[in-house]
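Structural overview
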Amino acid sequence: MLEDGFHDVPAGKLAMIVTYLEMTSKTDTKDIPLPDGLSFRRVTADNAWYRDVFTRVGGTDWLWYGRLLLEDDALTAILSDPKVEIYTLSRDGQDFALLELDFRKEGACELAYFGLTSDLIGTGSGRWLMDKAIHLAWEKPISRFHLRTCTIDSPQALSFYKRSGFTPIKRSVEIADDPRNLGVLPETAGPNVPLLRP
């Protein structure tokens, strides 16, 4: 530990403040239309589709990496679990969003991943998709809808989740290997987070 409460982050690592949020009853949503040209669909995802959309939605800009570290069998087990639901927004045969709802813990739903590619940012698609996520989650017999976000995600993420009806309940610090040093993401990913070699 350094002076004034600061801590060194070893080279080759990322440090993130993680905020945990939850919703314990369904919040009100707005009946807004899906932007023209987009369609919403549930996906029976294979590993290749998932890794592609996951990387385009969160890896390149925000250093999402957790699912990219999984071996094929481990990822397949998640994607094929009937209690994990995956959805996307599509246009002209291409997919631009990832909504992953995880009902594997009884009585709860985790918003495991939620995001849009940069093509849809600012179109109202995120608000529409979140409202859809809230409806889908609370259609099931749950008492808690929860998620985590962190400081290497979009700067708008935390305020967006709060506006959507989630309440912050806890924070923690995570230090993890930088996925760019592991070769999981290119060196140019996450332009707002400097890459430090080990």
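Scroll up a little and you will see the structure.
Predicted model, so just to flag it, every value in this text is computed and none were measured. (Residues numbered from 1 in each chain as written. Predicted model: local features only at pLDDT ≥ 70, side-chain atom pairs only at ≥ 80, totals over all residues. Heavy atoms only, no water.)

We now examine the pattern of salt bridges. A complete count under the given rule lists 12 salt bridges for this structure. One salt bridge in this structure joins Asp95 and Arg41, with 2.8 Å as the shortest N-O distance. Highlighted residues: Asp95 in strand β4 (residues 94-95) and Arg41 in strand β2 (residues 39-42), separated in sequence by 54 residues. With a relative accessible area of 9%, Asp95 lands in the buried category. Judged by its relative accessible area of 35%, Arg41 falls in the partly exposed class. Across the pair Arg104 and Asp102 runs a salt bridge, and its minimum N-O distance is 2.7 Å. Given a relative accessible area of 36%, Arg104 falls into the partly exposed group. (Salt bridge = Lys/Arg side-chain N within 4 Å of Asp/Glu carboxyl O. Helix = DSSP H or I, 4+ residues; strand = E, 2+ residues; numbered from the N terminus. Buried < 20%, exposed > 50% of the residue type's maximum accessible area, 1.4 Å probe, protein only.)

This paragraph deals with the side chain of Thr149. Mapped onto the secondary structure, Thr149 falls in strand β7 (residues 144-150). Look past the residues within four positions of Thr149 in its chain and what remains in contact with it is Ile17, Val18, Thr19, Leu21, Ala157, Leu158 and Tyr161. (Contact = heavy atoms within 4.5 Å.)

Moving on to the packing of aromatic side chains. Aromatic ring pairs are reported here in terms of the distance separating the ring centres and the angle at which the planes meet. Per the stated rule, a full pass over the model turns up 11 aromatic pairs. Considering the side-chain rings of Phe40 and Trp128, the 5.3 Å spacing of their centres and the 65 degrees angle between planes classify their relative orientation as edge-to-face. Here Trp128 lies in helix α3 (residues 125-138) and Phe40 lies in strand β2, a separation of 88 residues in the sequence. Residue class for Phe40 comes out partly exposed when judged on its relative accessible area of 23%. Of the aromatic side chains, those joined through ring pairs into one cluster are Phe114, Phe145, Phe160, Tyr161 and Phe166. (Phe/Tyr/Trp six-rings, centres within 6.5 Å; stacked < 30°, edge-to-face > 60°.)

Buried residues of helix α2 (residues 72-79): Leu75, Ile78 and Leu79, and no others. The buried residues of α2 occupy an angular sector of 95 degrees when projected down its axis, which confines them to one face. Buried residues along α2 sit against α1 (47-62), β3 (84-91) and β5 (97-102). (Arc of directions from axis to C-beta.)

Mapped onto the fold, Ser154 is located in the loop between β7 and α4 (157-163). Here the side chain of Ser154 touches Gln156 through a polar contact of 2.9 Å, side chain to side chain. (Polar contact = N/O pair within 3.5 Å; in protein donor to acceptor, adjacent residues only side chain to side chain.)

With that settled, consider the layout of surface pockets. In this model, the largest pocket occupies a volume close to 620 Å³. Lining the largest pocket are 25 residues, with Ala112, Tyr113, Arg148, Cys150 and Glu174 sitting closest to its centre. Elements that contribute at least two residues to the lining of the largest pocket include exactly β1 (13-23), β6 (108-116), β7 and β8 (167-177). Among the elements that take part in the lining of the largest pocket, β6 stands out by supplying five residues, more than any other. Of the residues assigned to the lining of the largest pocket, the class counts are 15 nonpolar, three polar and seven charged. Around the second largest pocket, the lining is made up of 24 residues, and of these Leu116, Ile121, Ser154, Gln156 and Phe160 lie nearest the centre. Those elements giving two or more residues to the lining of the second largest pocket turn out to be α1, β6, α3 and α4. The greatest single-element share of the lining of the second largest pocket, amounting to four residues, is contributed by α4. (1 Å grid on protein atoms, 1.4 Å probe; cavity = no way out; pocket = protein on both sides within 12 Å on 5 of 7 lines; lining within 4 Å. Points joined across faces, edges and corners; volume = space filled by probe spheres on them. Nonpolar A, V, L, I, M, F, W, Y, C, P; charged D, E, K, R; others polar.)

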